[in-house]
Amino acid sequence: MNSSAPSRRRAVADLMTTPAVTALPDETMADVAVRMETKRVSCVVVVEDARPVGIVTERDIVRFAASGADASTALVADWMTPKPDTVEPGSETGAAFASLAERGYRHIPVVDDGQLVGVVSMRDLMRVAQIQPMLHPGEVEAPKGLAGVIVADTVVGDVRGQEGFYHYRQYSARELADKRTLEDVWALLFDGALPDASGRAAFSADSRSLRTLPDAVRPLLPDIVGAGETFLPLEALRSAVSVTSAALGFRPSLDISAGELRADAVRLCALIPTLVSALHRLRQGEEPVEPDPGLAHAANYLWMLTGRRPEPEHARAVEQYLISTVDHGFNVSTFTARVITSTGADVGAAVVGAIGALSGPLHGGAPSRALDMLEAIGEPARAEEWIRAEVARGGRIMGFGHRVYKTEDPRSILLRELAQRLGGDKAEFAATVERTIVEVLADLKPGRELYANVEFYAGVVMERCGIPPEMFTPTFAVSRVIGWCANILEQAADNRIIRPSARYVGPPAPQPVPQV
Ligand code: ACO
């Protein structure tokens, strides 16, 4: 019965630290640092007439220290994070937790009728999340969207949103994209170590030998392509992966050894580019192009997609794009793949589910939409007006914002560099428009930290390399399947079925069942 739920809720006022430690804008950074040290707090709220006008956190102190400025003369007003988001004392703790987690803050000032009354920290809220009364023994309540909730241990990789950094195993993904091949990164994710020269040759030879479509699948592809009025490449890929899994006799992960599961996963990752490009070409009324074992994974994908030998710089740019999108923490499709694997299902089932998740506009999104936006803006002088109008009508600027990154997305930095390396008017134009968008969003949505994400330049890079817009998201699947499979292998190796609970909020049960 949901009427009992509100009584279990706790308010921010129950948890906040009051009074908050404060500072004035015209005090020096040295004053503030000493106060934080002596009061043993990790943030100070900056006030004017008891109203919060800023916040100085440990992060600001680190930023300040790195600048080399003189703490005895630098003013708080110049170094604080201005206009902090605030929360009311009556707010429910779960909502405050979700807001802190989503925005990436560790502290929020608590304000009543404009006046500062305290400060609440992530640690306060976490403490309560663990001691809140339970609906059923052992249950804990997670914030909506599971934001900030850790649901597994992993050694595959991680995303550090505050720093704008992500890594595969223990290596920076960006550095891997600069220095290694896609096959090296694939081996790293599957086996836990970067291959040496002979390991690289063996892994390449193995994966190249597995690219050819199974005979039983080939004749089914035209029917998959022709099944609907509209061709949705990821929908077609989902069906093709299902029939491929059946044709190859993939067995439940529960029933096979880690070695057999790895072999199935390598096979599927090797086949996805072949399936994606064959489906695309059939839809264009063209024959699929056979894989070329003389080409590396990325170059072979471009070859099968376009039927042309790729320029080496295009092949390398696409390879770097693919490396940079192989994995990205517990994103939705990766989580989906792990949930399905937790049931003991086969690798094909998990990948089909992950493709379904990726197809959603909020996830795999549509880099093509970012490209459409550039077309619609037309010229740099129109950018500001266009963005303001779009946000005013409640629209989202495609290719901007991210749940985890509250600073520049490192993938967008890499892709911007790639776009500029490849050249062309669009790369130049996109860079100009990006600057305008960041400025306008900072003005219209202060404190939200909205920067370009992976999608903004992805379309520019892919288009320049000859990949048509409808194939942007399927190309994302070509790389991400490797990350999904690395997670599938990890889940299967140390499995417990993932089965959370929901709070029932419908009419009280049992009600008498009406007679007809
Ligand atoms: N344009 C305008 N405003 C934005 C944008 C944007 N692109 N992104 C976030 N905001 C605003 C929201 O309106 C909101 O403002 P409010 O506080 O006034 O309500 C605030 O910033 C926070 O936004 P949320 O929706 O809470 O952020 P969330 O973390 O849930 O969403 C997401 C992240 C879905 C990526 C979002 O930024 C977005 O819709 N971006 C555009 C679509 C896009 O580029 N998707 C690809 C993401 S990358 C990937 O999945 C591979």
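Cut-offs and rules
Residues numbered from 1 in each chain as written. Predicted model: local features only at pLDDT ≥ 70, side-chain atom pairs only at ≥ 80, totals over all residues. Heavy atoms only, no water. Helix = DSSP H or I, 4+ residues; strand = E, 2+ residues; numbered from the N terminus. Expected span 1.5 Å × (residues − 1). Bend = angle between axes of the 7 residues up to and from the residue. Buried < 20%, exposed > 50% of the residue type's maximum accessible area, 1.4 Å probe, protein only. Pairing = 2+ DSSP bridges. Contact = heavy atoms within 4.5 Å. Core = buried A, V, L, I, M, F, W, Y, C linked by side-chain atoms within 4.5 Å. Salt bridge = Lys/Arg side-chain N within 4 Å of Asp/Glu carboxyl O. Near = heavy atom within 4 Å. Polar contact = N/O pair within 3.5 Å; in protein donor to acceptor, adjacent residues only side chain to side chain. Areas by Shrake-Rupley, 256 points an atom, 1.4 Å probe, with all protein chains shown as cover. Axes fitted to C-alpha atoms, helices over the stretch in contact; angles between N-to-C directions.

Novice: Let's hear about helix 12 (residues 258–283): which residues, and what values?
Specialist: Its 26 residues place the ends of helix 12 37 Å apart at the C-alpha level, agreeing with the 38 Å of an ideal helix rising 1.5 Å per residue. Of all the bends in helix 12, the greatest, near 35°, is centred on L271, and the proline P273 appears no more than four residues after it. Just beyond helix 12, the residue with positive phi is G285, at close to 80°.

Novice: Give a description of the pairing of strand 3 (residues 51–57) that names residues and reports values.
Specialist: Most of strand 3 is tucked away: 5 of the 7 residues are buried. Pairing geometry for strand 2 (residues 43–48) and strand 3, over 6 bridges, is antiparallel. Paired with E48 across the strands is R51, a residue of strand 3. Here strand 3 pairs with strand 4 (residues 81–82) via 2 bridges, running antiparallel. In the strand pairing of strand 4, I55 is matched with T81.

Novice: I'd like to hear about the side chain of E434, residue by residue, with values.
Specialist: Topologically, E434 is positioned in helix 20 (residues 425–444). If sequence neighbours within four positions are ignored, E434 has contacts with F400, E408, R416, A452, F456 and Y457.

Novice: Can you lay out the nonpolar core for me, pointing to particular residues and giving the numbers?
Specialist: Ranked by size, the top nonpolar core spans 105 residues in total, and within it Y168, F190, L237, V351 and F456 carry the most contacts. Per element, the largest residue contribution to this core is 12 residues, and it comes from helix 12. Setting aside its immediate chain neighbours within four residues, L237 contacts I272, L275, V276, L279, I355 and A477. Within the second largest apolar cluster, 13 residues are counted, among which are V21, M29, V56 and M80.

Novice: I'd like a description of the pattern of salt bridges, backed by residues and values.
Specialist: Once the charged atoms of two side chains with opposite charge are near each other, the side chains can pair. Following the criterion strictly, the structure yields 24 salt bridges and no others. Of the charged contacts, one joins R281 and E286 as a salt bridge, the two residues approaching to 3.8 Å between their closest N and O atoms. For the salt bridge of E408 with R416, the shortest nitrogen-to-oxygen distance reads 2.5 Å. By relative accessible area, R416 is classed as buried at 18%.

Novice: Help me get a handle on the site of the ligand, residues and values and all.
Specialist: Residues in close proximity to the ligand total 19 residues, the closest being H363, I397, G399, F400 and R448. Within the backbone of I397, an N or O atom sits 2.8 Å from a nitrogen atom of the ligand. Take R403: an N or O atom from its side chain is 3.1 Å from an oxygen atom of the ligand. Calculation on the ligand without its partners gives an accessible area of 930 Å², and the protein chains cover 79% of this total.

Novice: Give a detailed account of the sheet that holds strand 7 (residues 157–160), specifying residues and quantitative values.
Specialist: Spatially, the 3 strands line up as an open sheet ordered 7-8-9, and their pairing is antiparallel. Whereas interior strands pair on both sides, the edge strands pair on one side only; in this sheet they are strand 7 and strand 9 (171–172).

Novice: A description of the sheet that holds strand 1 (residues 22–23) should follow, citing residues and the corresponding values.
Specialist: Read across the open sheet, the 4 strands follow the order 1-2-3-4; overall the sheet is mixed. Taken across any chain shown, the strands that pair with only one partner, and hence form the sheet edges, are strand 1 and strand 4. Pairing between strand 1 and strand 2: 2 bridges, direction parallel. Its bridge partner being in strand 2, T22 is matched across the sheet by V45. Across the sheet, helix 2 (residues 29–39) is in contact with strand 1, strand 2 and strand 3; its angle to strand 3 comes to roughly 75°. Relative to the sheet, helix 3 (residues 58–67) contacts strand 3 and strand 4, its axis offset from that of strand 3 by approximately 60°.

Novice: An account of the pairing of strand 5 (residues 107–112) is requested, with residue identities and associated values reported.
Specialist: Extensive coverage of strand 5 is indicated by the burial of 5 of its 6 residues. In this sheet, strand 6 (residues 115–121) lies alongside strand 5 in antiparallel orientation, the contact comprising 6 bridges. Looking across to strand 6, one finds that H107 is bridged to S121.

Novice: Before we move on, can you summarise unusual backbone geometry with the specific residues and values?
Specialist: Residue P19 is bonded to the preceding T18 through a cis peptide linkage, with omega at -5°. Within the element layout of this structure, P19 appears in the loop between helix 1 (5–8) and strand 1. Note that the residue after A509, namely P510, is joined by a cis bond; omega there is 0°. Positive phi is not limited to glycine here, since L146 has a value of about 55°. Along the polypeptide, L146 turns up in the loop between helix 6 (122–131) and strand 7. Using a relative accessible area of 39% as the deciding quantity, one classes L146 as partly exposed.

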